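# Working through the structure, step by step
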Amino acid sequence: MQFKVMFVCLGNICRSPLAKALFEKHEYENGLQNRFYIDSAGTNRNHAGEGADRRTLLNARKNGLVFYHEAKQFKLSHFETFDLIVVMDRSNENNVKSLSADMELHKKVHLMRKWDIHGTNEDVPDPWYGGPEGFEEVFQILNRSTAALLRDLAFG
Ligand code: 4NP
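Residues numbered from 1 in each chain as written. Predicted model: local features only at pLDDT ≥ 70, side-chain atom pairs only at ≥ 80, totals over all residues. Heavy atoms only, no water.

Once that is clear, we can look at the packing of aromatic side chains. Scanning the model with the defined rule gives six aromatic pairs in all. Residues Phe7 and Phe23 carry aromatic rings whose centres are separated by 6.0 Å and whose planes lie at 55° to one another, so their mutual orientation is tilted. Taken as a pair, Phe7 in strand β1 (residues 3-9) and Phe23 in helix α1 (residues 15-29) lie far apart in primary sequence, 16 residues in all. The exposure class assigned to Phe7 is buried, which follows from its relative accessible area of 0%. Taken together, a centroid distance of 5.8 Å and an interplanar angle of 80° make the contact between Phe74 and Phe79 edge-to-face. (Phe/Tyr/Trp six-rings, centres within 6.5 Å; stacked < 30°, edge-to-face > 60°. Helix = DSSP H or I, 4+ residues; strand = E, 2+ residues; numbered from the N terminus. Buried < 20%, exposed > 50% of the residue type's maximum accessible area, 1.4 Å probe, protein only.)

Set out below in structure tokens:
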């Protein structure tokens, strides 16, 4: 049985699709492809059905990463399906937890930067209203955080 990880942000077009793509890249590079089932979702549905934000895609391509994505909204049923729910910021955390009062389910929810050696427990900044440097910053944060998460899950 695959361990299932869901990455969550607000719109599911910038941060969480990139987190999924980077986690899968680390899996592949460590010979662990398909060891985990990975998905991503947004707490709102404003961008459902859309591809990833073009600024996210552009920045990822600059860093040698190309990926396909179709946005969707996080649903209560995902709480049951997934073993670990990794949220980008505290607002995402509140939105996800507000879907259920079950404290056992809440225990599945963790902040992405819990695994970031350069910013333990801070938020992954929302790059939406900023310039290209914000997308690069998010890429670097997610690159090292997802690598550390994979090491944690695969090798404990
Ligand atoms: P994401 O970024 O949550 O990382 O996908 C955003 C995407 C869309 C919006 C805000 C943040 N928006 O306001 O539409």
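By nearness alone, every residue bordering the ligand is listed as Cys9, Leu10, Gly11, Asn12, Ile13, Cys14, Arg15, His47, Asp126, Trp128 and Tyr129. For the ligand, an oxygen atom lies 2.9 Å from a polar atom in the backbone of Leu10. Between the ligand and the protein, one listed contact pairs an oxygen atom with a side-chain N or O atom of His47 at 2.9 Å. Judged by the fraction of its atoms near the pocket grid, the ligand is located in the largest pocket. Split into classes, the residues belonging to the shell around the ligand amount to six nonpolar, three polar and two charged. (Near = heavy atom within 4 Å. Polar contact = N/O pair within 3.5 Å; in protein donor to acceptor, adjacent residues only side chain to side chain. 1 Å grid on protein atoms, 1.4 Å probe; cavity = no way out; pocket = protein on both sides within 12 Å on 5 of 7 lines; lining within 4 Å. Sits in = over half its atoms within 2 Å of the grid points. Nonpolar A, V, L, I, M, F, W, Y, C, P; charged D, E, K, R; others polar.)

Distances and angles like these do not, on their own, reveal function.
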